[in-house]
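Now for the letters of each chain:
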2 protein chains.
Amino acid sequence: MIRVAINGYGTIGKRVADAVTCQPDMEIVGVSKTKPSAEAYVAASRGFPLYIADITKRDVFEKAGIAVAGSVEEMLAECDIVIDATPGGMGARNRALYEKAGVKAIFQGGEDHEVAGISFSSSCNYTEALGKDAVRVVSCNTTGLCRIIKLVDDEYGVRKVRATMIRRGGDPGDIKRGPIDAIVLNPVTIPSHHGPDVKSVLPEINIVTTAVIVPTTMMHMHVVQMDLKKPGDRDRIIELITAHPRIGLVRPATGITSTAELKEFMNDLGRPRSDLWENGVFEGSLSVDGDDLCLFQAIHQEADVVVETIDCIRAMMGTISDPRESIALTNYSLGFTPIG
Amino acid sequence: MIRVAINGYGTIGKRVADAVTCQPDMEIVGVSKTKPSAEAYVAASRGFPLYIADITKRDVFEKAGIAVAGSVEEMLAECDIVIDATPGGMGARNRALYEKAGVKAIFQGGEDHEVAGISFSSSCNYTEALGKDAVRVVSCNTTGLCRIIKLVDDEYGVRKVRATMIRRGGDPGDIKRGPIDAIVLNPVTIPSHHGPDVKSVLPEINIVTTAVIVPTTMMHMHVVQMDLKKPGDRDRIIELITAHPRIGLVRPATGITSTAELKEFMNDLGRPRSDLWENGVFEGSLSVDGDDLCLFQAIHQEADVVVETIDCIRAMMGTISDPRESIALTNYSLGFTPIG
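The model shown is predicted, which means the values in this text are computed figures rather than measured ones.

How each quantity is defined
- Residues numbered from 1 in each chain as written.
- Chains lettered and ligands numbered in written order.
- Predicted model: local features only at pLDDT ≥ 70, side-chain atom pairs only at ≥ 80, totals over all residues.
- Heavy atoms only, no water.
- Disulfide = S-S within 2.5 Å.
- Contact = heavy atoms within 4.5 Å.
- Buried area = accessible area lost by both parts, 1.4 Å probe.
- Salt bridge = Lys/Arg side-chain N within 4 Å of Asp/Glu carboxyl O.
- Polar contact = N/O pair within 3.5 Å; in protein donor to acceptor, adjacent residues only side chain to side chain.
- Helix = DSSP H or I, 4+ residues; strand = E, 2+ residues; numbered from the N terminus.
- Nonpolar A, V, L, I, M, F, W, Y, C, P; charged D, E, K, R; others polar.
- Least-squares fit on C-alpha atoms with pLDDT ≥ 70 in both.
- Domains from an automatic or database assignment.
- Buried < 20%, exposed > 50% of the residue type's maximum accessible area, 1.4 Å probe, protein only.
- Axes fitted to C-alpha atoms, helices over the stretch in contact; angles between N-to-C directions.
- Parallel < 35°, antiparallel > 145°, perpendicular 65-115°, else oblique.

As for the state of the cysteines
All names here are of chain A.
Inference 1: Scanning all chains against the criterion turns up zero disulfides over all chains.
Inference 2: In this structure C79 is not part of a disulfide, and its nearest cysteine sulfur, from C312, lies 14 Å away.
Inference 3: Free of any disulfide, C140 has its nearest neighbouring cysteine sulfur in C146, separated by 12 Å.

Below you can see the structure in the form of structure tokens.
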């Protein structure tokens, strides 16, 4: 069994912890929080040993009725690999801690590529992570872009990608972020960071991205346009998407035309926390005009990197060397059923 | 003096009425409402004679303390030209009424092109409207697209346009529309209606558009990408925009990166109702990579067609045949100062 620790039990950390628990080949040895919170109670209710960053705060947790298993350093001593799911930028500061403990570490997309020197996407470059000590799983948006670009590039070759990310303002439980009423350019300059970030996984891809933030908590939406190296075929692309383990098709028959309805659909399908792990490509949007492909895809900011992180654990531990095998096992263990 | 009637004193109608009042060559003979409302009181406070669609409702208005000047048919008898600013689809039903009254009519972009057979944008095809009896002023988004595409096409030639419209959910005072929390595909299929609508003004342009609706009331945002027929020059494009009477530059020095701040800036500039009449092109976003141009532009759904409508009146009445002259007069009369 691969022993996994989660440093930072928040939006991503709590999902990765649950996903690890579902896998036959790994187990959670502990999770960490910096202060008592609803999520700390959730960790306790799941039976995850709770470790804390600052052990002098042990009494603050214990007064709140939350048992503390020890310090983060003690948690690291129990694990083979740690998932750093702390806020963006904290991962780089934690790196020395992981090296000192001699454990492998997975960083999130909020960190720079340099934090690990390798940026990961299961469907794109799984084998590059084999046996590595430090790997960065790219952000939710980059993950969603890499999946669809790789699929199309493998079939037709991609000459240029232009994508706009319409980003959610905050996560559903995050009451401190905005905007309440604006469309915020993110950033005002072109390109956004997503294009270069895609190149950290797929260096050969010519891509320009733009991004805005809007007042919603429910998923991001991408408008993806690709110039292909040869004419595309809509039916063939639909066939490829249908066969892809991490890209789902939102079928016109569902009547779904928004992120809100798509999330409701995930709830109805029984997905934990209404999570959409795959790209939600709107079949009705899929347009091919010669060598020009365009589509909408919904990307669930809380969910899509979770399954990638599970695969990344196996690659780094070297227990499964074929990406298809890990992806299939992750999906199967989560009870993943196609959305369309 | 050109005698102007406004049928439908709502978001657009009330703005056109105010703009007409500012012009030296036209006057308002009346405006219409279907029921008593805050806007009916505004019309009274402006001194605009108020006409009503259903004259049997005269007592409902009078009980509310609003004087009724007569029926819409009576209003039409007083004017040379009527601005149909009724809700989308109503214009087509009103057309027979205008023809019967023998008055010229301007329809809004919520109607189909066929309502008038000519779709209008001041900077693009003013002269086509000269002397016409019925003209449609295209919608706010189409107006914004036409302006920037024409400018670039005239200088470099445009091989293809790809644009995404991130649309506001409703107008600021509209409490009945959504979404509260979603990104709605509008529509789920590609292209959106904006591309074909641009072609109703600029038939030679090769354009594909996509659109989503988001939870904000403050303006639309466009991501516009153009493949040029020859390499572009960023400085030259900035120079052209600066010289354009209906395209403004949002300068980086303002620090503005969102629709919300841009609207606040319009308030601070003393613009009536915080109206942005021109395209708000974000200078910081303007990217030229060889023959590939990309930019963000804010489009104020309540405002940009107002100035076009004023020009359209002059074209149809045949009083000014040079578009530059009408545009300059409209801008000057409104006290239009550049935003950047």
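Observations concerning the interface of chain A and chain B
Accessible area lost upon the coming together of the parts is a frequently used measure of interface size.
Inference 1: Residue-level contacts link 42 residues of chain A with 42 residues of chain B.
Inference 2: Taking both sides of the interface into account, the surface hidden between chain A and chain B amounts to around 3200 Å²; carbon and sulfur atoms contribute 65%.
Inference 3: Remark: the boundary between chain A and chain B carries six salt bridges.
Inference 4: A salt bridge links A:R162 to B:D292; the shortest N-O distance between them is 3.1 Å.
Inference 5: Taken together, chain A and chain B are joined by 22 residue pairs in polar contact (both at pLDDT 80 or more).
Inference 6: Of all elements in the fold, only β9 (158–168), β10 (184–185), β11 (207–214), β12 (220–228), α10 (259–268), β15 (287–289) and β16 (292–299) of chain A reach the threshold of two or more residues within the side of chain A that touches chain B.
Inference 7: For the side of chain A that touches chain B, the leading source of residues is β12(A), giving five residues.
Inference 8: Class assignment of the residues belonging to the side of chain A that touches chain B gives a composition of 23 nonpolar, 13 polar and six charged.

Side note on the relation of the copies chain A and chain B
Inference 1: The transformation that overlays chain A on chain B combines an axial shift of 0.0 Å with a rotation of 180°, and the residual RMSD is 0.0 Å. Here the transformation between the copies is reduced to the relation of a two-fold axis. Scanning chain A for the C-alpha nearest the rotation axis identifies A:P215, at a separation of 2.7 Å.
Inference 2: Mapped onto chain B, 100% of the interface residues of chain A are again interface residues, and the two copies thus contact each other with one and the same surface.

A short note on the domain arrangement of chain A
Residue and element names in this part refer to chain A.
Inference 1: Along its sequence, chain A is organised into domain 1 (2–138 + 305–333) and domain 2 (140–299).
Inference 2: Taken together, the contact pairs 22 residues of domain 1 with 17 residues of domain 2.
Inference 3: Of the roughly 1600 Å² buried at the junction of domain 1 and domain 2 (both faces included), carbon and sulfur atoms supply 50%.
Inference 4: When the buried surface of domain 1 facing domain 2 is broken down by residue, R15, C124 and V138 rank first, second and third, together holding 30% of it.
Inference 5: Taken together, the connections running from domain 1 to domain 2 amount to six salt bridges.
Inference 6: Between D18 and R273 there is a salt bridge whose closest N-O contact spans 2.9 Å.
Inference 7: There are 11 residue pairs in polar contact (both at pLDDT 80 or more) connecting domain 1 and domain 2.
Inference 8: Residue classes in the side of domain 1 that touches domain 2 are distributed as six nonpolar, nine polar and seven charged.

Side note on the pattern of salt bridges
Inference 1: Here the structure, examined in full by the defined rule, presents 60 salt bridges over all chains.
Inference 2: For A:D18, the salt bridge goes to A:R46, with nearest N and O atoms at 2.7 Å. Here A:D18, found in helix α1 (residues 11–22), pairs with A:R46, found in helix α2 (residues 38–46); they are 28 residues apart in sequence, far enough to count as distant.
Inference 3: Ionic pairing is found between B:D174 and B:R177, a salt bridge with its closest N-O pair at 3.9 Å.
Inference 4: Owing to a relative accessible area of 28%, B:D174 belongs among the partly exposed residues under this scheme.
Inference 5: Overlapping salt bridges, with partners in common, bring together A:R159, A:K160, A:R162, A:D227, A:D291, A:D292, B:R159, B:K160, B:R162, B:D227, B:D291 and B:D292 in one network.

Overview of the packing of helix α7 (residues 140–156) of chain B against helix α11 (residues 304–317) of chain B
Residue and element names in this part refer to chain B.
Inference 1: At a minimum axis separation of 9 Å, α7 and α11 run at an interaxial angle of 75°. By the criterion of interaxial angle, the relationship of α7 to α11 is roughly perpendicular. Judged by residue contacts, C140, T143, G144 and R147 of α7 engage D304, V305, V307 and E308 from α11.
Inference 2: Considering only residue class, the contact of α7 with α11 consists of three nonpolar, two polar and three charged.

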